[in-house]
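Per-entry structural report
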Amino acid sequence: MQPAFPTISKIAYEGKESRNPLAFKHYNPHEIVEGKTMRDHLRFAVVYWHTFRGMGSDPFGPGTAVRPWDDGSNSVANAQKRARVAFEFIEKLDAPFYCWHDRDVAPEGKNLRETNKNFDAVAKVLKVEQKRTGIKLLWGTANLFSNPRFVHGAGTSCNADVFAYAAAQIKKALEVTHDLGGAGYTFWGGREGYMTLLNTDMKRELDHLAKLLHMAVDYKKQIGFKGQFYIEPKPKEPTKHQYDSDAAACLNFLREYDLLPHFKLNLETNHATLAGHTMQHELEVAGAAGALGSIDANTGDELLGWDTDQFPTSIYLTTHTMLAILKYGGLTTGGVNFDAKVRRESFEPVDLFHAHIGGMDAFARGLKIAAAIRKDGRLAQFVKQRYASWDTGMGAKIEKGRTTLKELETHMLKQGEVAPNVSGRQEFLENLINEFI
Ligand code: XLS
Ligand code: NI
Ligand code: NI
């Protein structure tokens, strides 16, 4: 096969003085940060859906992307060719992982049997390419939202047959993920939510969704798949309300249905902001619950209220993200997955490289800055000191659960007033972060 990117060779680290747009200025895969290579810290992944299937269409017009290797047909041959192009791209980018939805990689056939056959035919190529390049599957997932059959949802559909179809699709996607040695499997509830409560039995829908996930947990064990399961929160879009609206809602759902031991969260920046949170908040909520699994790295637009899925370039964002990730022990099964797409106006193949290189460099800087802040220690020390009253005396007693309202009343009656509060020093801390940016 002719190369799809003939003029582009493997992207190399050239250092921050380089002016070559097709080089890394900060991402040096072999550089050691906090005892681990940058490559192992960041575990970058390229997504199949935006990068190889996204053509840049929007509600006002069709796609604009120029993709000379794609004949635009829905044939298996075209899908197989696209798979080889994908690996040429990921290899040249030097990213260690990729992710897919079942329907990104292979076209649907006239029935489920034929669709599964198409999927196998392309998965075969993926397997060969993974072997050839050493690129691994970070996670697979099933697209349970594009086909019109999922108009009312998949696991939460009012139609039991649709639930069964979704179950069959998950079963197959799990098998292929397992066969390709996937490190994980993600559930994003594309249409698991509602447009109006007037026609919705919410309790019944949530019970069904939990049943579907339990079946997936059982099947995972049955086939011996050891990868990590993730749930990806998102508050709205496509539905008005998505059940997995944010990290807290997901954790509550998982706990309520005894699923928490089997899942971690895959947090996406633009979903966090749509939920009215920062990414940092979502990472803290997940991390505190021991459920920080993986991230979908992107960013929204402050002036647009939807999932614009832009490539992340803000050093503040990547610094705060990496501070939280390092605090909770780093990414183990998960990775930094670029669930991001080039703008409709950036339609040339080379734009795919610029976008990913920029995102990787932004995260590399975030990682190095976060490590420097941790090494400096003043930030952590400040937070520790802020809670010092809990380390001894009555504070320690409360934390250990060894006191009562009555004893605390006696304590305060004796003391009469609280020890004076001290400043939260927000501006001082913001300046401290800026010292490192
Ligand atoms: C959509 C989601 C989706 C998941 C995978 O907004 O981000 O792309 O990551 O289904
Ligand atoms: Ni995502
Ligand atoms: Ni998204």
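Definitions and cut-offs
- Residues numbered from 1 in each chain as written.
- Chains lettered and ligands numbered in written order.
- Predicted model: local features only at pLDDT ≥ 70, side-chain atom pairs only at ≥ 80, totals over all residues.
- Heavy atoms only, no water.
- Donors = N, O, S within 2.8 Å, 3.2 Å for Na, K, Ca; no water.
- Tetrahedral: all angles 85-135°; square planar, octahedral: opposite > 155°, others 65-115°.
- Helix = DSSP H or I, 4+ residues; strand = E, 2+ residues; numbered from the N terminus.
- Buried < 20%, exposed > 50% of the residue type's maximum accessible area, 1.4 Å probe, protein only.
- Near = heavy atom within 4 Å.
- Polar contact = N/O pair within 3.5 Å; in protein donor to acceptor, adjacent residues only side chain to side chain.
- Areas by Shrake-Rupley, 256 points an atom, 1.4 Å probe, with all protein chains shown as cover.
- Nonpolar A, V, L, I, M, F, W, Y, C, P; charged D, E, K, R; others polar.
- Expected span 1.5 Å × (residues − 1).
- Pairing = 2+ DSSP bridges.
- Phe/Tyr/Trp six-rings, centres within 6.5 Å; stacked < 30°, edge-to-face > 60°.
- Lys NZ or Arg CZ within 6 Å of the ring centre and 35° of its normal.
- Salt bridge = Lys/Arg side-chain N within 4 Å of Asp/Glu carboxyl O.

Another aspect to go through is the coordination of the nickel ion (ligand 2). For the nickel ion (ligand 2), the protein coordination sphere consists of Glu232 (OE), Glu268 (OE), Asp296 (OD) and Asp339 (OD), at 2.0 to 2.1 Å. Here the nickel ion (ligand 2) binds six donor atoms, and the angle range of 79 to 178° at the metal identifies the geometry as octahedral. Here the donor residues of the nickel ion (ligand 2) share one chain and are spaced in sequence as E-x35-E-x27-D-x42-D. Here the nickel ion (ligand 2) and the nickel ion (ligand 3) are spaced 3.9 Å apart, linked through Glu268, which binds each one. One end of the pair, Glu268, is in strand 12 (residues 263–268); the other, Asp339, is in the loop between strand 14 (336–338) and helix 12 (349–376), with 71 residues separating them in the sequence. Accessibility classification places Glu268 together with Asp339 in one group, the buried group.

Moving on: the coordination of the nickel ion (ligand 3). Here the nickel ion (ligand 3) is held by the protein donor atoms Glu268 (OE), His271 (NE2) and Asp307 (OD), which lie 2.1 to 2.5 Å from it. Along the chain, the residues donating to the nickel ion (ligand 3) are arranged with the sequence spacing E-x2-H-x35-D.

The next subject is the site of ligand 1. Surrounding ligand 1, one finds Trp49, His101, Trp139, Trp188, Glu232, Lys234, Glu268, His271, Asp296, Asp307 and Asp339. For ligand 1, an oxygen atom lies 2.7 Å from a polar atom in the side chain of Glu268. Contacts to ligand 1 include His271, whose side-chain N or O atom sits 3.0 Å from an oxygen atom. Look at ligand 1: alone it shows 290 Å² of surface, and the protein chains cover 94% of it. Split by residue class, the shell around ligand 1 holds three nonpolar, two polar and six charged.

Given 3.6 residues per helical turn, the α-helix brings residues three or four places apart onto the same face. Across its 20 residues, helix 6 (residues 160–179) extends 29 Å between first and last C-alpha, which sits within 8% of the 28 Å expected from 1.5 Å per residue. Inspection of helix 6 places Val162, Phe163, Tyr165, Ala166, Gln169, Ile170, Lys172, Ala173, Leu174, Val176 and Thr177 among the buried residues, and these make up the whole buried set. You can read the cap of helix 6 off the contacts: a side-chain oxygen lies 2.9 Å from the backbone nitrogen of Asp161, and it is on Asn159.

Next up on the list: the pairing of strand 10 (residues 228–231). Every second residue of strand 10 is oriented toward a common face, with Gln228 and Tyr230 on one face and Phe229 and Ile231 on the other, all of them buried. Sheet analysis places strand 8 (residues 184–187) next to strand 10, joined by four bridges and oriented parallel. From the neighbouring strand, Thr186 faces strand 10, where its bridge partner is Tyr230. Examined bridge by bridge, strand 10 and strand 12 share three bridges and lie parallel to one another. Bridge pairing in strand 12 links Phe229 to Phe263.

Turning our attention to the pairing of strand 6 (residues 97–101). By the criterion of burial, strand 6 is predominantly enclosed, with five of the five residues buried. Where burial is concerned, the two faces of strand 6 agree: the one with Phe97, Cys99 and His101 and the one with Tyr98 and Trp100 are both buried. As defined by bridge partners, strand 5 (residues 44–47) adjoins strand 6 across three bridges and the pair is classed as parallel. Counted as the bridge partner of Val46 is Tyr98 from strand 6.

Take helix 12 next. With 28 residues, helix 12 extends 42 Å from end C-alpha to end C-alpha; this agrees with the ideal 40 Å at 1.5 Å per step. Phi for Gly377, located one or two positions after helix 12, is positive at around 85°.

Applying the stated rule across the entire model yields 24 aromatic pairs. Considering the side-chain rings of Phe5 and Phe353, the 5.2 Å spacing of their centres and the 85° angle between planes classify their relative orientation as edge-to-face. With Phe5 in the segment before strand 1 (12–13) and Phe353 in helix 12, the pair connects residues that are 348 residues apart, well separated along the chain. One cation-aromatic arrangement involves Arg149 over Tyr165; the distance from NZ or CZ to the ring centre is 3.7 Å. Its guanidinium or amino end placed over the ring of Phe229, Lys220 lies 4.9 Å from that ring's centre, counting from NZ or CZ.

The next subject is the pattern of salt bridges. Taken as a whole and judged by the stated rule, the model has 22 salt bridges. When the shortest N-O distance is used, the salt bridge between Arg378 and Glu435 registers 2.8 Å. Taken together, the residues Arg378 in helix 13 (residues 378–386) and Glu435 in helix 16 (residues 426–436) connect sequence positions 57 residues apart. Each of the salt bridges in this network shares a partner with another, and the network as a whole consists of Asp102, Arg103, Glu108 and Arg149.

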